[in-house]
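# Overview (structure and organization)
The residues making up each chain are set out below.
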Amino acid sequence: MRMTLLASVLALILPALATAETEHTVRETKITEWKAVFGKVEARDNVPARARLGGTLVEIEVTEGSPVTEGQQIGTIDDAKLDLQLESVEAQIDVLRSQLENAQTELTRGEDLLARGVTTAQRLDALRTQVDVLTNQIESTEAEKRVIAQQEAEGAVIAPISGRVLDVPVTQGSVVMAGEAVATIGGGGFFLRLAVPERHAAFLEEGADIQIGDVDETRTGRLAKVYPQIENGRVIADVEVEGMDARYVDARVLVRLPVGETRALLIPAELVSTRMGLDFVTVRKDDGPALRAIVPGQHHLIDGVDMVEVLSGLMAGETVIPSTAVTYTPSEGH
C-alpha cells in the first residue's frame, strides 16, 4: 500500500521536474572555503599636515574631502612676535650701516693724514679694524634677519602627500603650537583594509583573488599587501578593488576570504528539482532511472556553472541525468 502511494506521488512529480541539458557523473571536487569578514575603506597612508610654527591660524584653505597635492599650501599661521623681531633686526642693521659709513669716512681721513705724516700707522690700523668689525656685525645681523624671515615662511602649512583631506581638527582663528596637526591627509591609494584572525594568516597570499560582497552579488578584488605585524591577534591586509567607491572612508564592506580547501560532491544546480519541500535528482541505474532525494548544501560558481554541494543522498561515481517523465523504479535502500 505504501509503495503504491509513493509511486502515485512520484508519477505526479516527475513530469513537472525541470529538464537539464547534460548528465553529470558525481565526483569529489576540491572547493575553496571562504570566511566572511568586514573590511573598511581606508587610505594606505594617513599623514598629518603639521604646523611648523606656533601662532594663530589666520587662514585654512581646505575642508574634509578636499583633494590636495604634495607641497600645496593648505593654511597660514601668523606669529606677531616675528614681525616685531624683524623690525628690531632691521633697525639694528640701519644703526650698524650708519656706524660703518662713519668708520669708513674716518678711515679715508686717516689714510690722508698718514700720507702727510700727521698720524701714525697704528691709528690707521685701528680704523681699518673698526670698519671690518662693523662689516661683520652687519653680515651677522642680516643672517639673523634671514632666520626670522624663514620662520615667518614656515607659517605656511604644507600638504606632505597627495591625496584627500580626511580631518581638519582646527578652525580659522585657532591658536596652534609647533608640531600640532592642522589636517590629516589620506594618500597612497584607497584600499579595503582587513583585520583577519591570525589563525588564517597561513592562507593569505598576496595577489590572491578576494570576493567582495555577499554570495548573490559578488565583485572580485586582489589581495595587495599583507602586513607582517600582528595587532591584537589579527593580521592586517589591504585589498585592491577596481572602481571602488572611496567617497566614504571607514565604510564597512563585506569581504569573503579563501581560508582553506575541502572536498565535496558537486552537481550542476540545474539537475536538482524541488517539490513539496524536498530536493530530488534522477540517478541512472542498471534497471533504469531512479528518483533520489538529496540534502543540498552551498552553491559554488565553477567555470561559470552553478554547482550545488550534495551533503547526503549521492555517492561518488553515480551518474545524475536530467529529470524527465520516467517511470519510477525503486532502488535498494531508498
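Residues numbered from 1 in each chain as written. Predicted model: local features only at pLDDT ≥ 70, side-chain atom pairs only at ≥ 80, totals over all residues. Heavy atoms only, no water.

Moving on, we come to helix α2 (residues 80-115). Here α2 contains 36 residues, and its C-alpha end-to-end distance of 53 Å stays within 8% of the 52 Å for a straight helix at 1.5 Å per residue. Buried residues of α2: Leu82, Leu86, Val89, Ile93, Leu96, Leu100, Ala103, Leu107 and Gly110, and no others. Positive phi shows up at Gly117, right after α2, with a value of about 80°. (Helix = DSSP H or I, 4+ residues; strand = E, 2+ residues; numbered from the N terminus. Expected span 1.5 Å × (residues − 1). Buried < 20%, exposed > 50% of the residue type's maximum accessible area, 1.4 Å probe, protein only.)

For helix α3 (residues 121-153), which comprises 33 residues, the first-to-last C-alpha distance of 48 Å matches the rise-based estimate of 48 Å (1.5 Å per residue) to within 8%. For α3, the set of buried residues is Leu124, Leu127, Val131, Leu134, Ile138, Thr141 and Ile148. Close packing links the buried residues of α3 with α2. (Contact = heavy atoms within 4.5 Å.)

This paragraph deals with the sheet that holds strand β3 (residues 55-60). Spatial strand order, β6-β5-β3-β8: four strands in an open sheet with antiparallel pairing. Two strands in the sheet have a free side with no partner beyond their single neighbour: β6 (156-158) and β8 (175-176). Across two bridges, β3 lies against β8 in antiparallel orientation. If you follow Gly55 over to β8, its bridge partner there is Val176. (Pairing = 2+ DSSP bridges.)

Any region with low pLDDT has predicted coordinates that should not be read closely. For the protein chain, mean pLDDT is 82; residues scoring 70 or higher make up 89% of the total. This model gives residues 1-20 a pLDDT under 50, and the stretch forms 26 contacts once residues within four places in sequence are excluded. Note that residues 325-334 has pLDDT below 50 and, in this model, 18 contacts with residues that lie over four places away or in other chains. (pLDDT = per-residue confidence, 0-100.)

Time to look at the packing of α2 against α3. Interhelical geometry of α2 versus α3 gives an angle of 160° and a closest axis separation of 8 Å. Relative to α3, the element α2 lies roughly antiparallel. Crossing of α2 against α3: the hand is left-handed. The class makeup of the residues in the contact of α2 with α3 is 16 nonpolar, 10 polar and 10 charged. (Axes fitted to C-alpha atoms, helices over the stretch in contact; angles between N-to-C directions. Parallel < 35°, antiparallel > 145°, perpendicular 65-115°, else oblique. Left-handed = near helix turned anticlockwise from the far one by under 90°. Nonpolar A, V, L, I, M, F, W, Y, C, P; charged D, E, K, R; others polar.)

So, on to the side chain of Glu318. As for its placement among the helices and strands, Glu318 is situated in the loop between β17 (305-312) and β18 (319-321). By relative accessible area, which is 13% here, Glu318 ends up buried. One polar contact links Glu318 to Arg292, side chain to side chain, over a distance of 3.2 Å. Only 2.9 Å separates the side chain of Glu318 from the backbone nitrogen of Met315, close enough to count as a polar contact. (Polar contact = N/O pair within 3.5 Å; in protein donor to acceptor, adjacent residues only side chain to side chain.)

Before going further, it helps to spend a moment on the environment of Val176. Considering the arrangement of structural elements, one finds Val176 in strand β8. Along the primary structure Val176 and Gly55 are separated by 121 residues, whereas in three dimensions their C-alpha atoms are 5.7 Å apart. Excluding residues within four positions of it along the chain, Val176 makes contact with Ala51, Leu53, Gly54, Gly55, Ile77 and Val170.

With that settled, consider the packing of aromatic side chains. Pairs of aromatic rings are described using the distance from one ring centre to the other and the angle between the two planes. Throughout the structure, instances matching the rule amount to zero aromatic pairs. Sitting over the ring of Tyr227, Lys225 keeps its end group 5.5 Å from the ring centre. Positioned above the aromatic ring of Phe38, the side-chain terminus of Arg252 is 4.3 Å from the ring centre. (Phe/Tyr/Trp six-rings, centres within 6.5 Å; stacked < 30°, edge-to-face > 60°. Lys NZ or Arg CZ within 6 Å of the ring centre and 35° of its normal.)

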